[in-house]
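Understanding the architecture of this molecule
Each chain is listed here by its residues.
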Amino acid sequence: MRTVKIVAASALVAAALYGCSPRSEAQAPPAPAVTVATPLVQTIQDWDEFTGRFEATQDVDVRARVGGYVSAVHFRDGDFVRRGQLLFTLDPRPAQAALASARAALAQANAQLTLARSEYERAQTLLESQAVSQAEADTRRGAVLTAEAAVAAANAGIRARQLDLEFTRVVAPISGRVSDRRVDPGNLIGGGSSAGDILTTIVSSAPIYFTFDGSEAVMLKYQRQARDGAAPIQVRLQDESTYSRSGSLDFTDNAIDTASGVIRLRAVVPNADGFLKPGMFGQARLAGSGSYQAMLVPDAAVATDQARRIVYVVAADGSVAPKPVVLGPLVDGLRVVRSGLAATDRVIINGVQRIQQPGMKVQATNGRIQPVAQQNEAPVTTVAPASSATFANSVSGD
């Protein structure tokens, strides 16, 4: 019995000693794994971005220049029409009758002129023999002048009636895409004034305007750069991720809107395929500076420390240190760092959320910063009034 008690006591002592051994202490967690890379250095160019709307260079409401009865329509809704192409025909018979009446009035005026000239010649002969007075001769001469004026008026009336007859053929005043017809054959329409019935509308398709508003600061920047000639501009549509179309800035309004503080600008964009339609929205960018060398890091590598923007860099011994930076615009998914970072700094580009405090150790794996292809990004439909940038050797935003 005594032997059993000794063995039990020995086991308790051994267990107590085992619990106090170093292996029972809680082991420290391993250093977090992060990916680091030096900043990507590229030549880029800043762009000012704007949201605007496409407008037709010419937009015409087609009205008849005379009233009448619509007898025929000579186009299909939505057709592309050429200037001078026949669109509508009005019943020409009233105009033809008015022209015949004008011609009859001219014949009557010519007859009156012939008679007046004959009487004036007779009066001149009688005046030489003093058979009539000078007053009578002057009266005959006045009758001739009156008859000549009546002939001129009759000729003008004929020209007016000829125009009325010509205007019964309503032709396209410009080349462009025609809308649907607003009246069908059989309708009686009014014409000859701005209050006349609109028969259809035509908008030109090539080229097309892109109109947008710029802030006073943007206007001052471009004016101070003293740009000469038309500034190039690139445009993309709402469902596009690349700037697929190019144009040139051709107009800046003559005053700033005092209510909003913006000024209207306009660019001309080629539209040979007619794909762009007036009223469509688009996003444009205008070169805001010359090319320059810039350092870029992923936008996810940038953290916020109160009012500062920082990135974390890893030293040779694996310790982490924050660096305040001044940021620029985004370019192909990467953020431009204007100052605060050296080209040799090893920036944490993956695992920033694992950093708990400055000075902690990490297990750094070398990575590489690459531009995010714009075609893989989701289309952007709204734009903040900030500048953006792109690589200076890129084409159309690629």
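Heads up: these notes are all about the structure in this document. (Residues numbered from 1 in each chain as written. Predicted model: local features only at pLDDT ≥ 70, side-chain atom pairs only at ≥ 80, totals over all residues. Heavy atoms only, no water.)

In terms of regular secondary structure, the protein is built from 4 helices and 24 strands. By residue count, 35% of the 398 residues in the protein fall in the buried class. Long-range pairs, those at least 24 residues apart, make up 77% of the contacts in the protein with a sequence separation of at least 6. Taken as a whole, the protein presents about 22900 Å² of accessible surface, with 52% of it coming from carbon and sulfur. (Helix = DSSP H or I, 4+ residues; strand = E, 2+ residues; numbered from the N terminus. Buried < 20%, exposed > 50% of the residue type's maximum accessible area, 1.4 Å probe, protein only. Contact = heavy atoms within 4.5 Å. Areas by Shrake-Rupley, 256 points an atom, 1.4 Å probe, with all protein chains shown as cover.)

Turning our attention to the sheet that holds strand 8 (residues 176-178). Strands in a sheet are paired, the pairing made by backbone hydrogen bonds, and the direction either parallel or antiparallel. The sheet built from 4 strands is open, its strands ordered 3-10-8-5 with antiparallel pairing. Only two strands of the sheet have a single neighbouring strand rather than two, namely strand 3 (59-63) and strand 5 (80-81). Pairing analysis gives 5 bridges linking strand 3 to strand 10 (residues 198-203), with the strands arranged antiparallel. The residue bridging aspartate 59 from the neighbouring strand is valine 203, located in strand 10. (Pairing = 2+ DSSP bridges.)

By the secondary structure assignment, arginine 266 is in strand 14 (residues 262-269). Sequence-distant contacts of arginine 266, that is, excluding residues within four places in its chain, are made with Tyr209, Phe210, Thr211, Ser248, Leu249, Asp250 and Phe251.

Closest axis-to-axis distance for the helix 2 (residues 93-128)/helix 3 (residues 134-166) pair is 8 Å, and the angle between their directions is 165°. Considered as vectors, helix 2 and helix 3 are oriented roughly antiparallel to each other. For the pair helix 2 and helix 3, the crossing hand works out as left-handed. Broken down by class, the residue content of the contact of helix 2 with helix 3 amounts to 21 nonpolar, 8 polar and 8 charged. (Axes fitted to C-alpha atoms, helices over the stretch in contact; angles between N-to-C directions. Parallel < 35°, antiparallel > 145°, perpendicular 65-115°, else oblique. Left-handed = near helix turned anticlockwise from the far one by under 90°. Nonpolar A, V, L, I, M, F, W, Y, C, P; charged D, E, K, R; others polar.)

What follows is about the pattern of salt bridges. A full pass over the atoms with the stated rule returns 16 salt bridges. With a shortest N-O distance of 3.9 Å, aspartate 79 and arginine 76 are connected by a salt bridge. Judged by relative accessible area, aspartate 79 falls into the partly exposed class, the value being 22%. Among the charged side chains, a salt-bridge network with shared partners connects Asp77, Arg181 and Asp184. (Salt bridge = Lys/Arg side-chain N within 4 Å of Asp/Glu carboxyl O.)

Moving on: the pairing of strand 2 (residues 40-56). One ladder, built from 5 bridges, connects strand 2 with strand 16 (residues 292-298); its direction is antiparallel. When the sheet's bridge partners are listed, glutamine 42 is paired in strand 16 with alanine 294. Examined bridge by bridge, strand 2 and strand 15 (residues 281-287) share 7 bridges and lie antiparallel to one another. If you follow phenylalanine 50 over to strand 15, its bridge partner there is alanine 284. Relative to strand 11 (residues 208-215), strand 2 runs antiparallel, the two being bridged by 5 bridges. By the bridge assignment, arginine 53 is partnered in strand 11 with threonine 211.

What follows concerns the sheet that holds strand 4 (residues 68-73). Pairing within the open sheet is antiparallel, and its 4 strands lie in the order 7-6-4-9. This sheet does not close on itself; its edge strands, each paired only once, are strand 7 (169-171) and strand 9 (188-189). The pairing of strand 4 with strand 6 (residues 86-90) spans 3 bridges and is antiparallel. Within strand 6, the position partnered with alanine 72 by the bridge is threonine 89.

Our focus in this paragraph is the environment of glutamate 121. Here glutamate 121 lies in helix 2. Each C-alpha atom, one on glutamate 121 and one on alanine 137, is 8.9 Å from the other, the two residues being 16 residues apart in sequence.

On the secondary structure map, proline 329 appears in strand 20 (residues 326-331). Residues proline 329 and tryptophan 47, 282 residues apart in the sequence, show an inter-C-alpha distance of 9.0 Å.

Tallied over the entire structure, the rule returns 4 aromatic pairs. Centre to centre, the rings of phenylalanine 75 and phenylalanine 88 are 5.4 Å apart; their planes meet at 80°, and the pair counts as edge-to-face. Here phenylalanine 75, found in the loop between strand 4 and strand 5, pairs with phenylalanine 88, found in strand 6; they are 13 residues apart in sequence, far enough to count as distant. Each of the two residues, phenylalanine 75 as well as phenylalanine 88, counts as buried. An aromatic cluster of three or more residues is present, and its members are Phe50, Phe54, Phe210 and Phe212. The ring centre of tyrosine 209 lies 3.9 Å from the NZ or CZ of arginine 266, which sits over that ring. (Phe/Tyr/Trp six-rings, centres within 6.5 Å; stacked < 30°, edge-to-face > 60°. Lys NZ or Arg CZ within 6 Å of the ring centre and 35° of its normal.)

Turning our attention to unusual backbone geometry. Residue alanine 206 is joined to proline 207 through a cis peptide bond whose omega torsion reads -5°. If you trace the backbone, proline 207 turns up in the loop between strand 10 and strand 11. Its identity is not glycine, yet glutamine 306 carries a phi of approximately 55°, on the positive side. Looking at the secondary structure, you find glutamine 306 in the loop between strand 17 (303-305) and strand 18 (308-314).

Note that serine 204 resides in the loop between strand 10 and strand 11. Only 2.7 Å separates the side chain of serine 204 from the side chain of threonine 57, close enough to count as a polar contact. Once residues lying within four places of it in the same chain are set aside, the contact partners of serine 204 are Ala56, Thr57, Gln58, Ile174, Ser175 and Gly176. (Polar contact = N/O pair within 3.5 Å; in protein donor to acceptor, adjacent residues only side chain to side chain.)

Turning to the pairing of strand 19 (residues 320-324), a few remarks are in order. Relative to strand 19, strand 18 runs antiparallel, the two being bridged by 5 bridges. Paired with valine 313 across the two strands is alanine 321, which belongs to strand 19. Hairpin connection from strand 18 to strand 19: 5 residues lie between these consecutive antiparallel strands, with glycine 318 at a positive phi of about 90°.

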